[in-house]
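Letter by letter, the chains look like this.
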Amino acid sequence: MRILLIEDDAVLGEAVRDYVAGLGHAVDWMQTLDDGRTASGTVDYDLVLLDLRLPDGSGLSLLKDLRRAGAVTPVIILTAHDQISDRIEGLNSGADDYLVKPFNLGELGARMLAVARRYAGAAVPVLEAGPLTIQLADRRVLREGTPVDLSSREWAVLARLAARPDAIVSKGQIEEALYAFGSEIESNTVEVYVSRLRKKLGKDCVETLRGIGYRLGR
C-alpha cells in the first residue's frame, strides 16, 4: 500500500516508518499538519496514519476536511490522547481505528491490514486465483501448494492486484504502491516487476490490458 504517516515525534515516526516499510509498503512521512495536508491532496493514498497533536494544529482538522471533501481513504489515529471522549470525537470525525501511544508495532500492522481488508471488501485475507493461493495477512503466496519467495516490491505489485482481483489496476496505481516520495521511478519499472511475477508464478498470473492496465489472472 501507499501510506501517509503524519507524526511529529522523530523517534516514533522513524520507528513506524521503518516498520511499515519493512512490511513492504511505501511510506511518505510528514511531520507537520501543513505538509500532511499538501501530501494528502497530491497523492491518492491507500491509508493514513494520523497523529492528533501536531506542532501547527490538530490532526482532527485534516481528518474532518478529508471527510467533508468526500475522501474515503481509511485513517488510523495514533495519539497520546487516551480519554474516551477523545476517541469518540476521532471516530465520529471519520477515523476508522484508533491506537493510543505507546503501542505495539505488530498490533499497528494487524490493524492496518484489517482496515485495508474492510475497504477492499475482503474479510478473509486469503485469495484463490487459479493455481495461486495468496495469503494477504502473512504476505505469502503459494503456487500449487508450494511457497514462492517474492521480493518486497514483487509482493507490493501482487498485493495491489489482489486487493481488487476483478478490477483493472492502472500502471500509475501500481507505481504508487511501489514508491514513496523521492524514490526514482523508471518508465519500465512496472513492466519489469510484472515480468518477474510471471516468471515465478506463471505467465498467466497477471493479465495485461494494453493501454489500460493490469489485472490478476483469472
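Nothing here was measured: the structure is a model prediction, and the numbers come from that model.

The rules behind the values
- Residues numbered from 1 in each chain as written.
- Predicted model: local features only at pLDDT ≥ 70, side-chain atom pairs only at ≥ 80, totals over all residues.
- Heavy atoms only, no water.
- Buried < 20%, exposed > 50% of the residue type's maximum accessible area, 1.4 Å probe, protein only.
- Helix = DSSP H or I, 4+ residues; strand = E, 2+ residues; numbered from the N terminus.
- Right-handed = clockwise from strand over helix to strand, strands pointing away.
- Pairing = 2+ DSSP bridges.
- Axes fitted to C-alpha atoms, helices over the stretch in contact; angles between N-to-C directions.
- Parallel < 35°, antiparallel > 145°, perpendicular 65-115°, else oblique.
- Left-handed = near helix turned anticlockwise from the far one by under 90°.
- Contact = heavy atoms within 4.5 Å.
- Patch = residues over 30% accessible without salt bridge, like charges linked within 9 Å, V, L, I, M, F, W, Y side chains within 5 Å.
- Areas by Shrake-Rupley, 256 points an atom, 1.4 Å probe, with all protein chains shown as cover.
- Salt bridge = Lys/Arg side-chain N within 4 Å of Asp/Glu carboxyl O.
- Lys, Arg positive; Asp, Glu negative; His and termini not counted.
- Charge placed at Lys NZ, Arg CZ, Asp CG, Glu CD.

Enquirer: Hey, could you run me through the pairing of strand β1 (residues 2-6) in this one?
Expert: The side chains of a regular strand alternate, first on one face of the sheet and then on the other. Of all 5 residues in β1, 5 are buried, a share of seventy percent or more. Residues Arg2, Leu4 and Ile6 of β1 are buried on one face, and the alternating residues Ile3 and Leu5, pointing to the opposite face, are buried as well. Handedness of the β-α-β unit built from β1, helix α1 (residues 10-22) and strand β2 (residues 26-30) comes out right-handed. The sheet contact formed by β1 and strand β3 (residues 47-51) spans 4 bridges and is parallel. Residue pairing in the sheet places Leu5 in a bridge with Leu49 of β3.

Enquirer: Mind showing me how you'd approach the packing of helix α2 (residues 33-40) against helix α3 (residues 59-68) here?
Expert: For any two helices packed against each other, one specifies the crossing angle of their axes together with the interaxial distance. The contact between α2 and α3 brings their axes to 10 Å, and the two run at 20 degrees. With respect to their mutual orientation, α2 and α3 come out roughly parallel. In terms of crossing hand, the pair formed by α2 and α3 is right-handed. Seen from α2, the contacting residues are Leu33, Gly36, Arg37 and Ser40; seen from α3, they are Gly59, Ser61, Leu62, Asp65 and Leu66.

Enquirer: I keep staring at the side chain of Glu154 and nothing clicks. Help me out?
Expert: Relative to the helices and strands, Glu154 is located in helix α6 (residues 152-163). On the accessibility criterion, Glu154 (4% relative accessible area) is buried. Setting aside anything within four residues of it in sequence, one finds Glu154 in contact with Asp149, Tyr193, Arg196, Leu197 and Lys200.

Enquirer: Looking at this structure, how should I read a negative patch on the surface?
Expert: There is a patch of like negative charges on the surface, built from Asp8, Asp9, Asp34, Asp35 and Asp56. Inspection of the secondary structure puts Asp35 in helix α2.

Enquirer: Please explain the pattern of salt bridges as it appears in this structure.
Expert: Pairs can form between side chains of opposite charge whenever their charged atoms are close. Counted under the stated rule, the structure contains 15 salt bridges. A salt bridge links Asp46 to Arg160; the nearest nitrogen and oxygen atoms lie 2.4 Å apart. Taken together, the residues span a long stretch of sequence, with Asp46 in the loop between α2 and β3 and Arg160 in helix α6 at a distance of 114 residues. Since its relative accessible area comes to 23%, Asp46 is described here as partly exposed. For Asp204, the salt bridge identified is with Lys203, shortest N-O distance 3.5 Å. For the pair Asp204 and Lys203, one class covers both residues: exposed. A single network of salt bridges, built from pairs that share partners, joins Glu7, Asp51 and Lys101.

Enquirer: Would you mind showing me how to read the sheet that holds strand β10 (residues 140-143) here?
Expert: Two modes of strand pairing occur in sheets, parallel and antiparallel, and in both the strands are linked by backbone hydrogen bonds. What the 4 strands build is an open sheet, ordered β8-β9-β10-β11; its pairing is antiparallel. The outermost strands of the open sheet, each flanked by one partner alone, are β8 (126-129) and β11 (146-148). Taking the axes of each pair of neighbouring strands and ignoring which way they run, one obtains an average angle of 25 degrees across the sheet. Sheet topology places strand β9 (residues 132-135) next to β10; 4 bridges connect them, and they run antiparallel. Residue Ile134 lies in a different strand from β10, and its bridge partner there is Val141. Sheet strands touched by α6: β8, β9 and β10. Its angle to β9, the strand with the most contacts, is close to 95 degrees. Along the sheet face, helix α8 (residues 189-201) touches β9, β10 and β11 and points at about 50 degrees away from the line of β10.

Enquirer: Just checking my understanding: could you explain the sheet that holds strand β7 (residues 97-100) for this structure?
Expert: In spatial order, the strands read β2-β1-β3-β6-β7; together these 5 strands make up an open sheet with parallel pairing. One side of each edge strand has no neighbouring strand; the edge strands of this open sheet are β2 and β7. Taken pair by pair, the neighbouring strands of this sheet meet at an average axis angle of 15 degrees, ignoring direction. Bridge count between β1 and β2: 5 bridges; the pairing is parallel. For Leu4, the partnering residue across the bridge sits in β2 and is Asp28.

Don't take any of this as a statement about function, it's just geometry.
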